[in-house]
Amino acid sequence: MTSAAAAGGMGLGLSLIPAGAEAAADRAGRSAATWENLVEKSSFNSQTAFNAAWNYLYPWDSYRDTHNGAARMDAAQVSLSQGVLTLKATRLSASTGTSPQPPHAPLWYRSGAIHAKRQIIVNDQFPEYDIEGEFRTQTGPGIWPAFWTTGTWPEWPPETDILEYVGVDEHGKAVNFFNTYYKTDSGATYQRSEVPVEDPDDDGFHKYRVWMYKSGDDVKLDYYFDGNYVDTHIGYGWAGVAQTLIINLQMGSYASNLEEGDDGWADQRPGPDGDTYFRARNVWFGRTRAW
């Protein structure tokens, strides 16, 4: 998703870090200092818990209801039930204009986005972050769900996509992208690791996770899918740059394999005519505090 809580302070020992974190620490030779939660797994259990940890829409300074796809975000498309967050994208009968953000996609959908109130800043004081959640999502042409962190323009990159399905691949299969964007002298570039996922909605919830840890001026990222290690990326120059965690269901645009000017761009097809759903539970993140 390229882009322009309830409270920490509760110290935890390593034994209370969510399942899988110990193995990651051992594999990378890291040790726990003081651990604190920034968003608890219970933040979707009630509206009160949600309001303490999350905001609606995107974290941009302006145009907070739009981004780089064909959906305008609306808090009414976000719901909570029995610890599950649901984002619903609804196809409209007519476009409501175009997104003010590149590539200025026609807005044919109403959908949902939220972002965490607590930021992520990997630095000497907070050298490690663990971010994870369980998700189930519909996939297909025009469907673009994501669970990701980003700096906000002009501090972009950094960005990590922990869950991202951009339509389907050339064989019609769903593929999750683990992406890490960073700056170079000529602009932005990225590393990508792909994980094919059979029926990411029908198979129930899958777990997506990244462990970030400081390495000089850089940040290393260990990615996991369903508890299994996938790959390690490097966020070059990320140390000390603030990021925000986002969950959103974007639609159309790149997920439709369309670019501005292509046939079908104006009406953002292909894309689903009915409602599309993206569900999350047990979303959590925390960090080590060195002092």
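In this text the structure is predicted, and so the values were computed from the model without any measurement. (Residues numbered from 1 in each chain as written. Predicted model: local features only at pLDDT ≥ 70, side-chain atom pairs only at ≥ 80, totals over all residues. Heavy atoms only, no water.)

A. A negative patch on the surface, seen in detail. A contiguous patch of negative charge on the surface is contributed by Glu 198, Asp 199, Asp 202 and Asp 203. Within the secondary structure, Glu 198 sits in the loop between strand S13 (187-196) and strand S14 (206-215). Classification of Glu 198 by relative accessible area gives exposed; the value is 53%. (Patch = residues over 30% accessible without salt bridge, like charges linked within 9 Å, V, L, I, M, F, W, Y side chains within 5 Å. Areas by Shrake-Rupley, 256 points an atom, 1.4 Å probe, with all protein chains shown as cover. Salt bridge = Lys/Arg side-chain N within 4 Å of Asp/Glu carboxyl O. Lys, Arg positive; Asp, Glu negative; His and termini not counted. Charge placed at Lys NZ, Arg CZ, Asp CG, Glu CD. Helix = DSSP H or I, 4+ residues; strand = E, 2+ residues; numbered from the N terminus. Buried < 20%, exposed > 50% of the residue type's maximum accessible area, 1.4 Å probe, protein only.)

B. Looking closely at the sheet that holds strand S11 (residues 159-164). One open sheet accounts for 7 strands, arranged S3-S8-S17-S10-S11-S12-S13; its pairing is antiparallel. The sheet is open, and its two borders are formed by strand S3 (54-56) and S13, each paired with just one other strand. On average, each strand axis in the sheet is inclined to that of its neighbour by 20 degrees, with strand direction left out of account. Relative to S13, strand S12 (residues 175-184) runs antiparallel, the two sharing 10 bridges. Within S13, the position partnered with Lys 183 by the bridge is Ala 188. (Pairing = 2+ DSSP bridges. Axes fitted to C-alpha atoms, helices over the stretch in contact; angles between N-to-C directions.)

C. Seen up close, the pattern of salt bridges. Per the counting criterion, the structure on display carries 11 salt bridges. The closest approach of N and O atoms between Glu 36 and Arg 287, which form a salt bridge, is 2.5 Å. On the criterion of sequence distance, the pair formed by Glu 36 in strand S2 (residues 34-39) and Arg 287 in strand S18 (residues 276-289) is long-range, its members being 251 residues apart. Summarising the burial analysis for this pair, Glu 36 and Arg 287 share the class buried.

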